[in-house]
Amino acid sequence: MRQARLSIGCLLLTAAVIALPAALPAQAVDQDGRFHLNVVVTDSAGKLVAGLQENDFKLLDDARERAIASFAAHDGVTAKPDPEPKIIIVIDAVNNGFIEMGYLRQGLERFLRENEGRLAQPVLIARLTPSGIQYLSQASRDGNALATIVATVTPSVRPRGLDAMLVSFNGLTAAVKKEIGEPGRKVLVWLGPGWPTPGPPQGTFTAVDERNQRAYADAAMQIAKLLHDARIVLYGGYSGAEFYMRAALKPMKKVSDVDGRVLRLNVIAIKSGGKGELPETNRDSIVTDVLDHFAAEANSFYELSFTPPKAKNPDEFHELRVEVKRPGLTARTAMGYYDQPEFSRPEQAKQAPPPMLEQPAADEPPHPGLVTVAQLSQAIDAAKNKRDGEAAKELEHLQLTERLSSPKLALLSNELPGSKSKTALRAVADASVFLDLPKSEFPDRAVPEVAEQKRMVSLAVEYLAKTVPKLPNFFARRTIESFEAVGMVKSEGTSNDGPLHPSGEATGTILYRNGKEEVKQSGASDKQLGLITKGVFGPVLSTVIVDASHGEMKWSHWEDGPTGPMAVFAYRVNMRQSHYEVSYPAIVNTGLDMTNFKTAYHGEVGVDAATGTILRLALVADLGPGMPMQRADIMVEYGTVDIGGKIYTCPVRSVSISRGKSVSGSGGPGLESLREVTRLNDVGFSDYHVFRSEMRIVP
């Protein structure tokens with residue numbers, strides 16, 4: 001299947017900084033607010049030490065001793081962890097040469113066939129290729145079957161110009177993210193030397209160097225959180241010179257402490273509590289030996305937890321060290337964690353704010369007032385006789401708890417006094433497009449029989465297969481109105497968002513030719529608008545329907561369509577089946593403007609019950625912990641248009657929403673100066689015309 005490329009680019013305030021989620025989650029903290037550590041203890045000869053008790057350990061948090069809240073010892077024999085640990089082995093076919101790949105394959109096969117192929121714990125095999133992580137197996141104890149798979153692995157040809165750092169780091173992130181939510185301890189062994197990273201700035205320190213430092217710091221924080229949340233200890237990378245490692249492993253208290261070396265594989269591994277000083281792969285027995293040792297460490301470890309102090313700022317870095325009170329023994333664990341203000345704050349009951357709130361303090365944006373569609377109608381009725389600016393201010397702070405339909409939006413908009421209040425209403429309405437309609441607007445129709453549901457889905461698939469590919473080459477006017485809301489992350493870790501304000505406009509011509517979209521526009525550029533959506537003319541529909549056919553699709557409800565009943569089906573697509581891509585600013589020094597990643601998603605599709613014509617599509621990205629953005633959602637409404645004297649169904653309106661964390665340009669060099677940015681595009685399509693080769697398009 002050809003992968004449809006859907007792109008939402010969230011261009012954050014610092015353009016080269018890797019975009020982080022609006023609120024990266026607390027790491028490995030249970031409901032009591034404890035932070036959990038896995039600790040491996042060895043003697044002076046490097047042998048694992050079991051049988052220690054809680055009073056043998058001393059836990060230091062920023063050099064201050066913390067009380068151990070819970071303790072468990074596992075030796076893999078008499079005291080086995082439950083659930084059992086898992087080993088994830090990644091064969092790096094990007095950064096290894098042909099000779100090293102041969103040693104790796106032979107050494108890995110030998111490890112898997114030990115003990116007649118009966119593995120001590122489940123092992124999963126994956127491979128890093130120029131196109132990303134490829135999973136070769138499920139987790140299995142059948143070493144012989146896994147060895148047969150490994151025997152087929154061949155080196156990858158590295159394309160000229162491939163950015164090894166970008167591919168490798170994104171591959172590691174994807175592999176770790178996949179394990180979040182899976183129970184138990186995991187040992188991730190990356191078979192390879194690692195990837196090249198930039199060194200410290202040379203010469204005069206410039207604004208570009210400072211921007212790069214922020215990107216490295218954000219990326220290092222992101223991968224550290226992901227590893228801890230997934231309960232993964234990383235092993236990989238070759239030994240580095242002592243001075244090199246010492247500089248890269250120092251605590252990351254502020255951005256000025258950072259350079260590109262913090263993203264090296266061996267540095268990330270050591271900071272996670274694993275090993276990064278591995279011998280170079282120059283014979284297969286080395287691979288077998290290190291895998292045997294790592295497998296033993298997977299089962300023999302100690303679990304400690306403690307209650308972190310209350311942080312003053314979000315993502316406050318704390319250096320960790322665990323000491324063993326017996327001579328000659330060394331403990332190895334994660335070298336630090338990112339504390340959050342909410343760790344030590346007890347849960348408080350959340351109460352919905354009243355429809356209209358009191359005026360907030362001058363130094364913080366107003367809270368939104370939650371309203372139903374009926375209450376919004378009342379507010380508009382009260383505001384329609386006021387001045388345009390005054391009416392706009394009253395409306396912009398409202399937040400709907402139900403979806404305001406497009407026909408209802410048009411009716412209410414006509415009652416408002418001017419352009420400012422109409423724009424404020426449109427922002428409020430657009431923010432609601434992924435919610436359910438008011439209960440009073442659902443038609444009273446019986447749920448169709450399963451056979452009838454299948455018939456409607458079949459009609460929709462047939463519509464996509466026969467109608468969409470036959471769309472003529474055409475051009476149409478595209479009008480974009482962009483909105484933005486910025487919320488400062490406060491000291492207690494919460495974010496108070498302001499209302500959505502207009503941030504730019506653009507009009508232009510979109511050309512659909514041979515199944516592809518081309519845009520020529522005037523006004524703000526895509527980069528200035530900050531949010532870009534592609535694929536609404538066909539690819540988004542094909543992607544969702546094909547993906548959903550391999551995922552989960554079920555009946556949801558009836559709605560009133562423009563010409564009759566509209567059947568609404570809910571769908572859900574997991575990561576493996578997804579062909580939906582989100583783009584965000586690439587890691588610096590990669591030579592690429594944007595980096596793309598696939599994500600799971602869910603949503604609804606509205607279908608004309610009689611014809612199968614798709615009338616509405618809502619797509620909500622499932623962006624989990626550690627993803628670059630918190631939201632990347634699309635809604636498209638389709639209607640009948642005349643193109644060259646024939647009637648077709650094409651997009652008439654779309655709404656796209658993104659949300660992510662950005663480093664404030666005025667906050668100085670620290671990691672604590674953060675703000676959350678929500679961007680929304682309201683896009684209208686009109687004036688459809690047949691495109692012929694002799695025509696000239698002007699914006």
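Computed from a prediction, not measured in an experiment: that's the story for all the values here.

What about the overall build of the protein?
Phase 1: A tally of helices and strands in the protein yields 14 helices and 31 strands.
Phase 2: A total of 699 residues make up the protein; the buried ones form 53% of that total.
Phase 3: Looking at the protein alone, contacts between residues at least 24 apart form 73% of all its contacts between residues at least 6 apart.
Phase 4: For the protein, the accessible surface area stands at approximately 31100 Å², while carbon and sulfur atoms represent 50% of it.

Concerning unusual backbone geometry
Phase 1: Residue P83 follows D82 across a cis peptide bond; omega there is 5°.
Phase 2: The phi torsion at A63 lies on the positive side, around 70°, for a residue other than glycine.
Phase 3: Mapped onto the fold, A63 is located in the loop between β3 (57–61) and β4 (64–66).
Phase 4: The exposed category is assigned to A63, whose relative accessible area is 65%.
Phase 5: The backbone of D687 sits at a positive phi, close to 55°, despite the residue not being glycine.
Phase 6: The class for D687 is partly exposed, based on a relative accessible area of 48%.

A look at the sheet that holds strand β2 (residues 35–42)
Phase 1: Overall, antiparallel pairing links the 4 strands, which are arranged β5-β12-β2-β14 in an open sheet. The open sheet has two edge strands with one neighbour each: β5 (70–74) and β14 (330–332). Averaged over all adjacent pairs, the angle separating strand axes in this sheet is 25°, with direction ignored.
Phase 2: Alignment of β2 against strand β12 (residues 301–306), held across 5 bridges, turns out to be antiparallel. The residue of β12 that forms the bridge with V39 is Y302.

Some words on helix α6 (residues 265–272)
Phase 1: Summarising burial for α6: 7 of the 8 residues are buried, a large majority.
Phase 2: In the stretch just after α6, G273 is the one whose phi turns positive, near 100°.

Concerning the confidence of the model for the protein
Detailed conclusions should not be drawn from predicted coordinates in areas where pLDDT is low.
Phase 1: Across the protein, the average pLDDT comes to 80, with 78% of residues at 70 or higher.
Phase 2: Confidence over residues 343–367 falls short of pLDDT 50; this stretch has 41 contacts with residues more than four positions distant or in other chains.
Phase 3: The model gives residues 663–674 a pLDDT under 50, and that stretch makes 26 contacts with residues more than four places away or in other chains.

Section: the pattern of salt bridges
Phase 1: By the definition in use, this model includes 26 salt bridges.
Phase 2: Its salt-bridge partner being R631, residue D633 comes within 2.9 Å of it at the nearest N-O pair.
Phase 3: Through salt bridges with shared partners, one network takes in D430, R616, E637 and R653.

Points about the environment of Y512
Phase 1: Considering the arrangement of structural elements, one finds Y512 in strand β20 (residues 501–513).
Phase 2: A relative accessible area of 7% places Y512 in the buried class.
Phase 3: It is 8.9 Å that separates the C-alpha atoms of Y512 and L471, two residues lying 41 residues apart in sequence.

What counts as what
- Residue positions within a chain follow its written sequence, with the count starting from 1.
- Predicted model: local features are reported for residues with pLDDT of at least 70 only, side-chain atom pairs are reported and counted for 80 or more only, and whole-chain, interface and lining totals are derived from all residues.
- The side-chain quantities take in all heavy atoms of the structure and omit both hydrogens and water.
- Helix numbering and strand numbering both begin at the N terminus, where a helix is a DSSP run of H or I of at least 4 residues and a strand a DSSP run of E of at least 2.
- For each residue, the accessible area found with a 1.4 Å probe, counting protein chains only, is set against the maximum for its type, and the residue is called buried under 20%, exposed over 50%, and partly exposed in between.
- Note on contacts: a residue pair is in contact if any heavy atoms of the two residues lie within 4.5 Å.
- A 1.4 Å probe and the Shrake-Rupley method give the accessible areas. Residues count as covered only by the protein chains that appear here.
- DSSP calls a pair of strands paired once it identifies at least 2 bridges connecting them.
- Fitting a line to C-alpha atoms yields each axis, with helices limited to the stretch in contact; the angle taken between N-to-C directions then spans 0 to 180 degrees.
- The quantity known as pLDDT measures the predictor's confidence residue by residue, on a range of 0 to 100.
- A carboxyl oxygen of Asp or Glu within 4 Å of a side-chain nitrogen of Lys or Arg is what we treat as a salt bridge.

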